[in-house]
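Given next are the chains, with one letter for each unit.
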Amino acid sequence: MTYCVGMRLNAGLVFLSDSRTNAGVDQVGTFRKLSVFEIPGDRMLVMMTAGNLSISQSIRQLVSTLIDDAGHTIWTAPSVYDAARILGQAVRQVHERDARTLADFGIEFNVSIIFGGQVKGERCRLFQIYSAGNFIEAHDENTYFQIGEAKYGKPIIDRVVTPATSLDDAAKCALISMDSTLRSNVSVGLPLDLLVYENDQLAVTHFVTIDERNEYFQMIRGTWGDQLKHVFEGLEAPVWNAAPETQGTVLHSSNAGSKPVRVAPPSGLAAPQVPSAPLQTLSQQFHDGQQ
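Our subject in this report is the structure included herewith. (Residues numbered from 1 in each chain as written. Predicted model: local features only at pLDDT ≥ 70, side-chain atom pairs only at ≥ 80, totals over all residues. Heavy atoms only, no water.)

Looking now at the overall build of the chain. If you tally the helices and strands in the chain, you get 6 helices and 12 strands. What you see for the chain is a C-alpha radius of gyration of 28 Å, clearly larger than the 19 Å of a compact globule of 291 residues, by over 25%. If you line up the chain on its principal axes, its C-alpha atoms span 105 × 50 × 40 Å. When burial is assessed residue by residue, the chain has 40% of its 291 residues classed as buried. Long-range contacts, defined as pairs at least 24 residues apart, comprise 60% of the intrachain contacts of the chain with a sequence gap of at least 6. Element-wise, carbon and sulfur atoms account for 54% of the exposed surface of the chain, whose accessible area totals about 17,000 Å². Put simply, the chain has 23 plus and 31 minus side-chain charges, and the middle of one group is 3 Å from the middle of the other. (Helix = DSSP H or I, 4+ residues; strand = E, 2+ residues; numbered from the N terminus. Rg over C-alpha atoms; globule rule 2.2 N^0.38 Å. Buried < 20%, exposed > 50% of the residue type's maximum accessible area, 1.4 Å probe, protein only. Contact = heavy atoms within 4.5 Å. Areas by Shrake-Rupley, 256 points an atom, 1.4 Å probe, with all protein chains shown as cover. Lys, Arg positive; Asp, Glu negative; His and termini not counted. Charge placed at Lys NZ, Arg CZ, Asp CG, Glu CD.)

Laid out in structure tokens, this is it:
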């Protein structure tokens, strides 16, 4: 499994991926999943993959040389959309070649791709490509994509990131999102690849591989956890059975009609016998016997 997130912002693009491919009891696999297709001054394109590693590596190898019907390659495509279409074609060709054989061995053709960047003459664009080679594009209403183990890192992005978010804040948010995933799922792991691209530079502007010794990421992990605990402890406890006129942190008022769904016991089931008087302890019985 893996976790990758890509963000399209007014100021540029942010890409972050982990590098874990499996986490067995006695074997942990690490392969880098972020690849750059760059001609400085003309284009800067990024691909991140999740799913079957052999499939994604085949796609990466094929797309670097694939020529479409119009004679374009990923290196010459006139737009990021056309480059995404060529990448989708590569996915379909690998599927046509390998899917049946993989199925014979019980292996599903499974790959997800985040692809984006900028080609000279147009704005930054971001796409998510599926196993069928089809894709969707990020817009202001949905400014990011996640692939792989996405659920743990989604809430912080939904709360923080908008198209107006700065690149540094988006990178910080992506790292917090990754930390949440690392803490909750052993199949996602270090090192991480973080690429931040500033509009119209047409070359990688910031890139870092982050391992367990990276000071900034360790600060993120410690400070974010501490701040979450601090905020949690600052929240007031709920008030139960509050008077109807009570204001504030009322979870349940005394006149509320909330009732659980109760399952009726089987008919004929005898009610437990309640003793008429508490049973004496052994020490009490011994003490009484000494009287």
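Counted residue by residue, strand E11 (residues 192-198) has 6 buried out of 7 residues, so it is predominantly covered. Direction of pairing for E11 relative to strand E12 (residues 206-210): antiparallel, over a ladder of 5 bridges. Its bridge partner lying in E12, Leu-195 is registered against Phe-207. (Pairing = 2+ DSSP bridges.)

Here we take up the pattern of salt bridges. A complete count under the given rule lists 17 salt bridges for this structure. Glu-122 is the partner of Arg-125 in a salt bridge, and the nearest nitrogen-oxygen pair spans 3.5 Å. Each member of the pair, Arg-125 as well as Glu-122, is classed as buried. Among the salt bridges present, the one from Asp-179 reaches Arg-183, with a minimum N-O distance of 3.4 Å. Of this pair, Asp-179 and Arg-183 both sit in helix H4 (residues 167-184), 4 residues apart, which is roughly one turn of the helix. Looking at Asp-179, the relative accessible area reads 2%, which means it is buried. Each of Glu-122, Arg-123, Arg-125 and Glu-137 takes part in one network of salt bridges that share partners. (Salt bridge = Lys/Arg side-chain N within 4 Å of Asp/Glu carboxyl O.)

In this section: the side chain of Ser-35. Tracing the backbone shows Ser-35 in strand E5 (residues 34-39). Residue classification places Ser-35 among the buried positions, given a relative accessible area of 10%.

So, about the sheet that holds strand E10 (residues 144-148). Spatially, 5 strands are ordered E10-E1-E2-E11-E12 in an open sheet, and the strand pairing comes out antiparallel. Since the sheet does not close on itself, it has two edges, and those belong to E10 and E12, each with one partner. On average, each strand axis in the sheet is inclined to that of its neighbour by 5°, with strand direction left out of account. Against the sheet, H4 contacts strand E1 (3-9), strand E2 (12-17), E10, E11 and E12, and its axis sits at roughly 20° relative to E2. (Axes fitted to C-alpha atoms, helices over the stretch in contact; angles between N-to-C directions.)

Moving on, we come to the environment of Ile-39. By the element assignment, Ile-39 lies in strand E5. Here Ile-39 falls in the partly exposed class, since its relative accessible area comes to 31%. Put simply, Ile-39 and Thr-76 are 37 residues apart on the chain and 9.7 Å apart in space, counted from C-alpha to C-alpha. In this structure, Ile-39 is in contact with Trp-75 and Leu-202, ignoring residues within four places of it in sequence.

Our focus in this paragraph is unusual backbone geometry. Between Leu-190 and the following residue, Pro-191, the backbone shows a cis peptide bond with an omega angle of 0°. Note that Pro-191 resides in the loop between H4 and E11. At Leu-202, a position not held by glycine, the phi torsion is positive, near 55°. Secondary-structure assignment places Leu-202 in the loop between E11 and E12.

The interhelical angle for the contact between H4 and helix H5 (residues 215-234), taken along N-to-C directions, is 70°, at an axis separation of 10 Å. Here H4 is positioned roughly perpendicular relative to H5, judged by the angle of their axes. The chirality of how H4 crosses H5 is right-handed. Across the interface between the two elements, Lys-172, Leu-175, Ile-176, Asp-179, Ser-180, Leu-182 and Arg-183 from H4 touch Tyr-216, Phe-217, Ile-220, Arg-221 and Trp-224 from H5. (Parallel < 35°, antiparallel > 145°, perpendicular 65-115°, else oblique. Left-handed = near helix turned anticlockwise from the far one by under 90°.)

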